[in-house]
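Structure at a glance
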Amino acid sequence: MPSTLILHPERDKSLLRRHPWIFASAIKSQKGRARLGDTVDILNHEGKWLARGAWSPHSQIQARVWTFKEDEVIDNAFFLRRIQSAWEGRQELIARQGLTGCRVVAAESDGLPGVTIDKYADLLVCQLLSAGAEKHRDKILWALDKLFPECAIYERSDVAVRQKEGLELLVQMHKGKLPEEVIIEENGVKILVNPAQGHKTGFYLDQRDNRAVAARYAKDRRVLNCFSYTGTFGSYALAGGARHVTNLDVSDSALTLARRNLQINQLDESRSDFINADVFDALRKYHQDGQQFDQIILDPPKFVESKANLTRACRGYKDINLYAMQILSPGGILCTFSCSGLMPTELFHKVVADAALDAGRDVQFLERLSQAPDHPVASSYPEGYYLKGLVCRVL
Ligand code: SAH
């Protein structure tokens, strides 16, 4: 008999709306014993079956739903179905943009809480971040092998959120040999990915369409690519006819890859700089020195780690946007982003508007941007929407 969670009255509402998380405070009682990651049935206070999920006693989110169908079993075939459906859903996009790098499974939004799978050419990189995903690792790997027999499989479960689930951080190669580097291609631009050392699973696939948008504005402009990582916004900008691109990051290894990314695309290195500097300091220094740019990209790391630091994070976002606006030439373009899921879109827009006020510049929002379509948001899971951006004209 599977263990059963019984919810408090009125606490079944989010499940009835098919939201996949059950918080500790919603659970009235538990019948039967379950271990970390075990499959449990979730019932309302009158005993009506609602969902089946994975038990995660150490987390605030004590269960994550695998299925809302009572007769659906969590076995090999379940993972095969879910991953196959996610992969099929991306085929149109892959064909349209000539992608060889793509997110195959976007966790909750693809019906697999805690499971992220990215594909870089013939390498799959997975992150298993929930107790349930951990429990079913073998089934997930089996399904991946069935669907992608040609691919090597690497796991980068070295993300701190695993600790909240009571799991250790781990990195392991499951199948084939780990390549030191993989080259992927999107929108005609080649990109080097280092799966072992790179951020997340190696690369920021989510910014793909926004790189293309930013490049549309780049022609003849002097571009400052802040938080450049491996410089892909810069490669796109040069390919789009930018006069010059300055890449700024605090990571030498990222900047080295940024330079090599230009080389493999046969882009003119003499039109680029690669500077190891803190963006906050560098922007202030450019302002003091009276140096201007015609386009600035601000794609910082996640500033909002928890609701408690939202106010502080807003100050960070405001500062970089303010400093950037101060050094844009008249009519300059600011492409500014927040990848913090906890930052509400409207608040992000307000922070940028406040920066404009303080910078004393008239600013227009030209385009509102979000994450690429291989990072979909399930309609029942608004938390899946995390990346927001604005293209602004600074007058
Ligand atoms: N724009 C990139 C992704 C940026 S990730 C892309 O499209 O691929 C964030 C980057 O910011 C990381 O490379 C990190 O090294 C860098 N970073 C973090 N804090 C920084 C700071 N204060 N100054 C400069 N770079 C910083």
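Residues numbered from 1 in each chain as written. Predicted model: local features only at pLDDT ≥ 70, side-chain atom pairs only at ≥ 80, totals over all residues. Heavy atoms only, no water.

For helix H5 (residues 137-147), every residue scored as buried is listed here: Arg-137, Ile-140, Leu-141, Ala-143 and Leu-144. Projected down its long axis, H5 carries its buried residues within an arc of 160°, all on one side. The outward face of H5, more than 90 degrees from its buried face, is lined by the exposed residues Asp-138 and Lys-146. (Buried < 20%, exposed > 50% of the residue type's maximum accessible area, 1.4 Å probe, protein only. Helix = DSSP H or I, 4+ residues; strand = E, 2+ residues; numbered from the N terminus. Arc of directions from axis to C-beta.)

Right, let's talk about the sheet that holds strand S1 (residues 3-7) for a bit. A sheet is described by the order of its strands in space; here six strands give the open sequence S2-S6-S5-S4-S1-S3, paired in mixed fashion. Edge positions in the sheet fall to strand S2 (21-23) and strand S3 (27-31), since each has one partner strand and no second. Between one strand axis and the next, the sheet turns through 35° on average, direction left out of account. The pairing of strand S5 (residues 49-55) with strand S6 (residues 61-67) spans four bridges and is classified as antiparallel. Residue pairing in the sheet places Ala-54 in a bridge with Arg-64 of S6. (Pairing = 2+ DSSP bridges. Axes fitted to C-alpha atoms, helices over the stretch in contact; angles between N-to-C directions.)

Attention shifts here to the side chain of Ser-109. By the element assignment, Ser-109 lies in the loop between strand S7 (101-106) and strand S8 (115-120). Residue Ser-109 is classed as buried on the basis of its relative accessible area of 15%. Here Pro-376 takes part through its backbone oxygen, which lies 3.2 Å from a polar atom of the side chain of Ser-109. With sequence-adjacent residues up to four places away left out, Ser-109 is seen in contact with Pro-376, Val-377, Ala-378, Tyr-381 and Gly-384. (Polar contact = N/O pair within 3.5 Å; in protein donor to acceptor, adjacent residues only side chain to side chain. Contact = heavy atoms within 4.5 Å.)

If you walk through the whole model with that rule in mind, you get 12 aromatic pairs. Ring centres 5.3 Å apart and planes at 80° place the aromatic pair Trp-66 and Phe-79 in the edge-to-face group. Here Trp-66 is found in strand S6, whereas its partner Phe-79 is found in helix H2 (residues 76-89), with 13 residues between them in sequence. Just as Trp-66 is buried, Phe-79 falls in that class too. Taken together, a centroid distance of 5.0 Å and an interplanar angle of 70° make the contact between Trp-87 and Phe-148 edge-to-face. In this pair, Trp-87 sits in helix H2 while Phe-148 sits in the loop between H5 and strand S10 (152-157), placing the two residues 61 residues apart along the sequence. The same class applies to Trp-87 and to Phe-148, which are both buried. One aromatic cluster in this structure is built from Phe-280, Phe-303, Tyr-317 and Phe-348. Over the face of the ring belonging to Phe-233 we find Arg-211, whose NZ or CZ atom lies 5.9 Å from the ring centre. Here Lys-388 stacks its cationic end above the ring of Tyr-385, 5.8 Å away from the centre of that ring. (Phe/Tyr/Trp six-rings, centres within 6.5 Å; stacked < 30°, edge-to-face > 60°. Lys NZ or Arg CZ within 6 Å of the ring centre and 35° of its normal.)

Here the focus is the domain arrangement of the protein. Considered domain by domain, the protein is made up of domain 1 (3-67), domain 2 (76-182) and domain 3 (204-394). Each of domain 1 and domain 3 was reduced to a C-alpha centroid, and the two centroids are 40 Å apart. With five residues of domain 1 at the interface, the matching set in domain 3 holds four residues. Surface buried jointly by domain 1 and domain 3 totals about 340 Å² across both partners, of which 58% is contributed by carbon and sulfur atoms. (Domains from an automatic or database assignment. Buried area = accessible area lost by both parts, 1.4 Å probe.)

Attention shifts here to the sheet that holds strand S9 (residues 123-128). A sheet is described by the order of its strands in space; here five strands give the open sequence S7-S8-S9-S10-S11, paired in mixed fashion. Single-partner strands in this sheet number two, and they are S7 and strand S11 (170-175). Adjacent strand axes in the sheet meet at a mean angle of 20° when their direction is disregarded. In terms of strand pairing, S9 meets S10 through four bridges, oriented parallel. By the bridge assignment, Leu-124 is partnered in S10 with Ile-153.

Right, let's talk about the packing of helix H11 (residues 310-326) against helix H12 (residues 345-359) for a bit. Packing of H11 against H12 brings their axes to within 8 Å, and their N-to-C directions diverge by 45°. One way to sum up the angle between H11 and H12 is to call them oblique. Considering how the two elements wind past one another, H11 and H12 form a crossing that is right-handed. Every residue of H12 that contacts H11 at Leu-310, Cys-314, Tyr-317, Lys-318, Asn-321, Leu-322, Met-325 and Gln-326 is listed here: Leu-347, Phe-348, Val-351, Val-352, Asp-354, Ala-355, Ala-356, Asp-358 and Ala-359. Taken together, the residues of the contact of H11 with H12 break down into 12 nonpolar, two polar and three charged. (Parallel < 35°, antiparallel > 145°, perpendicular 65-115°, else oblique. Left-handed = near helix turned anticlockwise from the far one by under 90°. Nonpolar A, V, L, I, M, F, W, Y, C, P; charged D, E, K, R; others polar.)

Now for the packing of H2 against H5. Contact pair H2 / H5: the axes reach a minimum separation of 8 Å and the direction vectors enclose 55°. In terms of axis orientation, H2 runs oblique to H5. The interaxial crossing formed by H2 with H5 has right-handed handedness. Of H5, the residues touching H2 (which contributes Asn-76, Ala-77, Phe-79, Leu-80, Ile-83 and Gln-84) are Lys-139, Ile-140, Trp-142, Ala-143, Leu-144, Lys-146 and Leu-147. Residues of the contact of H2 with H5, tallied by class, amount to nine nonpolar, two polar and two charged.

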